[in-house]
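So the chains spell out like this:
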Amino acid sequence: MSKPLKQIHLAAHFPGVNNTTVWSDPEAGSHIEFSSFAHFAQTAERAKFDFLFLAEGLRLREQGGKIYDLDVVGRPDTFTVLTALAAVTEHLGLTGTINSTFNEPYEVARQFASLDHLSGGRAAWNVVTSWDAFTGENFRRGGFLPQEERYSRAKEFLATANELFDSWRGDEIVADQGTGTFLRDAKSGAFVHKGQHFDIEGQFNVPRSPQGRPVVFQAGDSDEGREFAASDADAIFSRYSTLKAGQEFYTDVKGRLAKYGRTHDQLLILPAATFVLGDTDTEAEELAREVRRQQVSGATAIKHLEFVWNRDLSAYDPDGPLPDIDPDLGEHTIARGRAQVRMYRDPLAIAREWRELAAANKWSIRDLVIETGNRQAFVGSPATVAKTINDFVQADASDGFILVPHITPGGLDVFADKVVPLLQERGVFRTEYEGTTLRDHLGLAHPDADAPRERAAS
Amino acid sequence: MSSSSSSLPASPLSSTSLHLAVALDGAGWHPAAWREPEARPRDQFTAGYWADLVKEAEHGLLDFVTFEDGLGLQSSHFAEPDGRTDQVRGRLDAVLIAARVAPLTRHIGLVPTVVATHTEPFHISKAIATLDYVSTGRAGLRIQVSGRQNEAAHFGRRTIPRIRFGEAYAPEIQEVITELFEEAADYVEVVRRLWDSWEDDAEIRDVATGRFIDRDKLHYIDFEGRHFSVKGPSITPRPPQGQPIVSALGHETVPYRLIGRSADIGYVTPHDTAQARAIVDEIRTEQAAAGRAEEPLHIFGDLVVFLDDDPAAAAARRDRLDGLAGYAYASDATVFTGTPAQLADLLLQWQQAGLTGFRLRPAVIGQDLPKITRGLVPELQRRGAFRTAYESDTLRGLLGLARPANRYAAATA
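Residues numbered from 1 in each chain as written. Chains lettered and ligands numbered in written order. Predicted model: local features only at pLDDT ≥ 70, side-chain atom pairs only at ≥ 80, totals over all residues.

1. Focus on the overall build of chain A
Now for step 1: For chain A, the count of helices and strands is 15 helices and 17 strands.
Now for step 2: Taken over the C-alpha atoms alone, chain A extends approximately 80 × 55 × 45 Å along its principal axes.
Now for step 3: Within chain A, buried positions represent 51% of all 458 residues. (Helix = DSSP H or I, 4+ residues; strand = E, 2+ residues; numbered from the N terminus. Buried ≥ 20, exposed ≤ 12 C-beta atoms within 10 Å, placed from the backbone.)

Here is the structure:
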């Protein structure tokens, strides 16, 4: 007996401030004008995608004490641009990354509830944490949060926001013009939260929104991050877009759900995935190589080597050999505002390995960074890419993908036109939206659907 | 006018044309407005409601609309919740309402209220910059402070003493109010510096050197104040208008100082021409004291309006709504009842006192907004006192304000 085919979930990540985004391409348009966002969102909706995804960073990155100038810089306010996009789309989910450290629950809950009302139930929140004093310099409290407390604050922030969302049940607004009763209950929106991070009380002032609560995403990869996702999130924005790593992550995280009384279908695993399409697989491979060279200029290669070396390497020739000196193992000071530098946990070993690789292959610094950097997740003809995506999902490497095109804003168009129809032919991707809310698209129950059971159990 | 003997700054426009805005709040400014048949009270939490209102205002060629907001439930009391269930309670975030409407309109300015007291200037700066992007140059903000204890408790970060109506002029309360407004002035300073923290031509896309930006054209703002320090630069490039519009409502010296120091538009609430003239003089004096005498600063009169072609019907409607509310509605602003022609007379008379425009608060939006756009506006046009077509695609343009130079741009050449 064969397993029924899983339906694939697809989303589009507006290309952001990483070197995956090729701004030097003649096709590359504005990263900040609303017309770029509108084009991108409308393409995603034309392709019947589940949602659009926006990342966020609250301090411009620096390297060597200077603002990092090689990648796309500059992005809009997440809530404002997502709400504007609600005006130019009808079905597409709108997922925003919002930090739980440099915000307060009352304000963020108002903004998500407002976005959900103004989009007719399409809001989602990717809850991220940060703690660094570097980012804190832009905010009232500065770097107030110890690193080890960032998940404890994030968890309490989300719990508090949920209390605010739930402070209105949805039947309070009577608005009976005859009798003059507007609110059923003067205490609508009343809440009290006394916790380690938040001590607040009063009345929330946004009535219950169509989805009840926004869909919640989590993106952290640490053990704590995975637990947070298993206990609290509806979906994970993960980084494992290869088959084996994807399956391991999928099994690990889904395996954590049971202890929170949750089932496999209550948490979707959606890795970020880049792609390059060509008429043939060979053409796509060639194009992918070319894109990787565009993504890593000589200057970018030096900067990426600095992430590992933790030293100023600006004197090195990107077309020459790797540095003989070893990485500085002291506190990482060279690159600020980047999460990825923390992934290089043993810089000496990486440096040794990279020198060996470069020597064996006669690679320059730039060659090495290109070759060891992330290869695009999906490279091939539309048929190949459609088959690969489907194989991954059916093999439980994910429940779908959040696609990250390398060109703004048109990089999604060819995927929409060439790959989506093939997935639809296979019967694994919707041909029309079946519901109106993002919860509908993702197959997630409305939070109130659980309410009677919870009440009965208590 | 260079021939003027006045030592006070001039208003931005020498023409006789006045500027008109409408203040949107719920179903209207009268507490029983939502009970009128045109009110659509259940729709206030939908995008369609706000889109319809702003399109109507744009149909009337208005300069802009403002959106009220607050960090707690609305209340008929001065500084605390009232526990009422017979008036509109609950609202959506004003910046997001403005953003939702922006792509559906082309000319009209969008000015949401933002509360300085409990929010982050960094977030608000990029939110209004983004509103300027999504509206291609039609954004502004109206800055407000919160002196309510219950709203402070929603954030749990500071306490605010209880302020009772009638005690607002007690010295200890004045101290609190002064501090809230000084914080708001710092807040606006940070927001404005962040808007300028990117020069217009900072994005260079220089393929030869691999640089996307010229980082010498990005600037730390290094603001340090009593309430917050902000490093910068913004994460959002300089918005289309350079500096979106900053506006504030004031009723006394402390907020007049904020308006004189920080705003492009002040909203004031005179009750006659003499009072209007006195307020204008006081704000112009504050403006000069802040060293801004040469900068344009609009001063708009706020009025609540009940409009009808029959003046008795307008007054009767007010009485009827007062009956429904259970009390006689009073406002900080003059409450006008009458015909569009009578209102035009009043506005032109007050304009002589130095007001450059008016922000009208429709008593019942469903009734009085169309009376503004389809009654008052044609009346003013007949008198040559209002535009007959939009003359600009940006809010600064509609207000006669040039796109400002960037404070951080090197003064070379």
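2. Section: the domain arrangement of chain A
All names here are of chain A.
Now for step 1: For chain A, the assigned domains read domain 1 (9–280 + 376–457) and domain 2 (297–372).
Now for step 2: Of note, the centres of domain 1 and domain 2, computed from C-alpha atoms alone, are 32 Å apart.
Now for step 3: Here the residues of the side of domain 1 that touches domain 2 sort into three nonpolar, five polar and three charged. (Domains from an automatic or database assignment. Nonpolar A, V, L, I, M, F, W, Y, C, P; charged D, E, K, R; others polar.)

3. As for the sheet that holds strand β13 (residues 268–273) of chain A
Residues and elements named next belong to chain A.
Now for step 1: Pairing in this closed barrel of eight strands is parallel, and the strands run β1-β2-β5-β6-β11-β12-β13-β17 around the ring. Pairs of neighbouring strands in the sheet enclose a mean axial angle of 30°, with direction left out of account.
Now for step 2: Here β13 runs beside strand β17 (residues 400–403); their pairing, made up of two bridges, is parallel. When the bridges of β17 are listed, A272 appears paired with I402. (Pairing = 2+ DSSP bridges. Axes fitted to C-alpha atoms, helices over the stretch in contact; angles between N-to-C directions.)

4. Details of the pairing of strand β11 (residues 298–307) of chain B
Residues and elements named next belong to chain B.
Now for step 1: Across the ten residues of β11, ten count as buried, placing the element largely inside the fold.
Now for step 2: Of the two faces of β11, the one carrying H298, F300, D302, V304 and F306 and the one carrying I299, G301, L303, V305 and L307 are both buried.
Now for step 3: Here strand β10 (residues 265–268) runs beside β11; their pairing, made up of four bridges, is parallel. In the strand pairing of β11, G266 is matched with I299.

5. Description of the nonpolar core
Looking at soluble globular proteins, one finds that nonpolar side chains tend to be buried together.
Now for step 1: Among the nonpolar cores identified, the biggest contains 237 residues, and L52, F217 and L403 of chain A together with V65 of chain B are the most heavily contacted of them.
Now for step 2: Among the elements that line this core, the one with the most residues is helix α5 (residues 171–195) of chain B, at ten residues.
Now for step 3: Apart from residues lying up to four places away in sequence, V65 of chain B is in contact with A21, V22, L24, V54, A57, I108, L110 and V111 of chain B.
Now for step 4: The next biggest cluster of nonpolar side chains, apart from the first, holds 15 residues, and it includes V296, F307, L322 and W354 of chain A. (Core = buried A, V, L, I, M, F, W, Y, C linked by C-beta atoms within 7 Å. Contact = placed C-beta atoms within 7 Å.)

6. Examining the sheet that holds strand β15 (residues 335–336) of chain A
Residue and element names in this part refer to chain A.
Now for step 1: Taken in spatial order, the three strands line up as β4-β3-β15 in an open sheet, and their pairing is antiparallel. Across the chains shown, the open sheet's two edge strands, defined by having one partner strand only, are β4 (66–67) and β15.
Now for step 2: Relative to β15, strand β3 (residues 62–63) runs antiparallel, the two being bridged by two bridges. In the sheet register, E62 faces β15, and the bridge partner there is R336.

7. Brief notes about the UniProt feature "binding site: FMN" (unreviewed entry) in chain A
Residues and elements named next belong to chain A.
Now for step 1: UniProt's feature table lists "binding site: FMN" (unreviewed entry) at T97, Y151 and S222, given in the numbering used throughout.
Now for step 2: On the secondary structure map, Y151 appears in helix α5 (residues 150–165).
Now for step 3: Every residue in contact with Y151, bar those within four places of it in the chain, is listed here: T129, E224 and F228.
Now for step 4: Structurally, the position occupied by S222 is in the loop between β11 (215–218) and α6 (223–232). (UniProt positions renumbered as here; feature names shortened; annotations may be inferred.)

8. Looking at the interface of chain A and chain B
Now for step 1: On the chain B side, the residues contacting the 62 residues of chain A number 62 residues.
Now for step 2: Secondary-structure elements contributing two or more residues to the side of chain A that touches chain B are β4, α2 (78–85), α3 (105–118), β7 (173–176), β8 (181–183), β10 (199–203) and α9 (298–309) of chain A.
Now for step 3: Residue composition of the side of chain A that touches chain B, by class: 30 nonpolar, 19 polar and 13 charged.

9. Digging into helix α8 (residues 311–325) of chain B
Residue and element names in this part refer to chain B.
Now for step 1: The terminal C-alpha atoms of α8 lie 21 Å apart, and with 15 residues this matches the ideal 21 Å at 1.5 Å per residue to within 8%.
Now for step 2: For α8, the set of buried residues is A314, R317, R318 and L321. Buried residues in α8, looked at end-on, bunch into an arc of 100°, giving them a common side. For α8, exposure combined with an orientation more than 90 degrees from the buried face picks out A312, D319 and G323.
Now for step 3: Of the residues flanking the end of α8, it is G326, one or two places downstream, whose phi is positive at about 90°. (Expected span 1.5 Å × (residues − 1). Arc of directions from axis to C-beta.)

10. Some details on the environment of K303 of chain A
Residue and element names in this part refer to chain A.
Now for step 1: Counting through the fold element by element, K303 comes out in helix α9.
Now for step 2: On the basis of neighbour count, K303 is assigned to the buried category, with 25 C-beta atoms found within 10 Å.
Now for step 3: With 85 residues separating them along the chain, K303 and Q218 place their C-alpha atoms 29 Å apart.
Now for step 4: Non-local contacts of K303, meaning those with residues more than four positions away in its chain, are made with Q63 and L70.

11. A short note on the packing of α5 of chain B against helix α6 (residues 253–262) of chain B
Residues and elements named next belong to chain B.
Now for step 1: The geometry of α5 relative to α6 is characterised by a closest axis approach of 9 Å and an angle of 15° between their N-to-C directions. On the basis of the axis angle, α5 is roughly parallel to α6. For the crossing formed where α5 meets α6, the hand is right-handed. Of the residues in α6, those touching α5 at I177, T178, F181, A184, A185, V188 and E189 are V254, P255, L258, R261 and S262.
Now for step 2: Residue composition of the contact of α5 with α6, grouped by class: eight nonpolar, two polar and two charged. (Parallel < 35°, antiparallel > 145°, perpendicular 65-115°, else oblique. Left-handed = near helix turned anticlockwise from the far one by under 90°.)

12. A look at the packing of helix α3 (residues 121–134) of chain B against α5 of chain B
Residue and element names in this part refer to chain B.
Now for step 1: At a minimum axis distance of 9 Å, the contact between α3 and α5 shows a crossing angle of 50°. Judged by the inter-axis angle, α3 sits oblique to α5. Relative to α5, α3 is oriented so that their crossing is right-handed. Taking contact as the criterion, the partners of P121, F122, I124, S125 and A129 in α3 are, on α5, Y187, V190, V191, L194 and W195.
Now for step 2: Residues that form the contact of α3 with α5 fall into these classes: nine nonpolar, one polar and no charged.

13. Section: the confidence of the model for chain B
All names here are of chain B.
Now for step 1: Averaged over every residue, the pLDDT of chain B is 94; the share at 70 or more is 96%.
Now for step 2: Predicted confidence for residues 1–7 stays below pLDDT 50, and this span has three contacts to residues more than four positions away or in other chains.
Now for step 3: Confidence drops under a pLDDT of 50 for residues 10–14, and excluding neighbours within four residues, the segment shows 13 contacts in the predicted structure.
Now for step 4: At the level of chain-chain contacts, confidence expressed as ipTM amounts to 0.96, with global pTM at 0.96. (pLDDT = per-residue confidence, 0-100.)

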